[in-house]
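Architecture and fold: a report
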Amino acid sequence: MNDDLAEVVRILTDVLGEDFLPDMEIGPETTFTGALALESIEFAAFAAGLRARYGDRADLPALVAGLELDELLGMTVGDVADHLAGAAR
């Protein structure tokens, strides 16, 4: 697991709580709307956690704004990690 992916998983675990995820392994293909069923308040907390860790590099609203509805619904943990890795370059 690359560093950005590991950090995204850590932030998600902090937001959702380890009790929510005992039987689930979060990986690059894990979707926010499907497997995690993130609610809007949790997604906002996730975005805030990314911003606290990565600063302006973690512009999740900009990533989401550029997506079509089907892309948004299918967005994965790996997509966010790739976004962070791309923003670092």
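This write-up is about the structure you can find in this document. Numbering of residues starts from 1 in each chain and follows the order in which that chain's sequence is written. Owing to the predicted nature of the model, reporting of local features is limited to residues with pLDDT of at least 70; listing and counting of side-chain atom pairs is limited to 80 or more, with chain, interface and lining totals taken over all residues. Note that water and hydrogens are dropped before the side-chain values are worked out from all heavy atoms of the structure.

Description of helix α2 (residues 40-54)
An α-helical turn contains 3.6 residues, so any two residues separated by three or four positions project in the same direction. The test is simple: Secondary structure elements are defined from DSSP: runs of H or I of at least 4 residues count as helices, runs of E of at least 2 residues count as strands, and each element is numbered from the N terminus. In this scheme, a helix's expected span is set at 1.5 Å multiplied by one less than its residue total. Partly exposed describes any residue whose relative accessible area lies between the buried limit of under 20% and the exposed limit of over 50%, with all areas from a 1.4 Å probe on protein chains only and scaled to the type maximum. By arc we mean the arc of the directions from the helix axis to the C-beta atoms, nothing more.
End to end, α2 covers 21 Å across 15 residues, agreeing with the expected 21 Å (1.5 Å per residue, within 8%). Buried within α2 are the following residues: Phe46, Ala47, Leu50 and Tyr54. For α2, the angular spread of buried residues about the axis comes to 100°, placing them on one side. The outward face of α2, more than 90 degrees from its buried face, is lined by the exposed residues Ile41 and Ala52. Once α2 finishes, Gly55 follows within two positions and takes phi at roughly 65°, a positive value.

A few points about the environment of Val80
Here is the rule: Whether two residues touch is decided by their heavy atoms; if any such pair falls within 4.5 Å, the residues are in contact.
Its place among the elements puts Val80 in helix α5 (residues 77-88). Distance in space between the C-alpha atoms of Val80 and Phe43 is 12 Å, their sequence separation being 37 residues. Beyond its immediate sequence surroundings of up to four residues, Val80 is in contact with Val8, Phe32, Phe46, Leu50, Leu60, Leu63 and Met75.

Treat this as a map of the structure, not an account of what it does.
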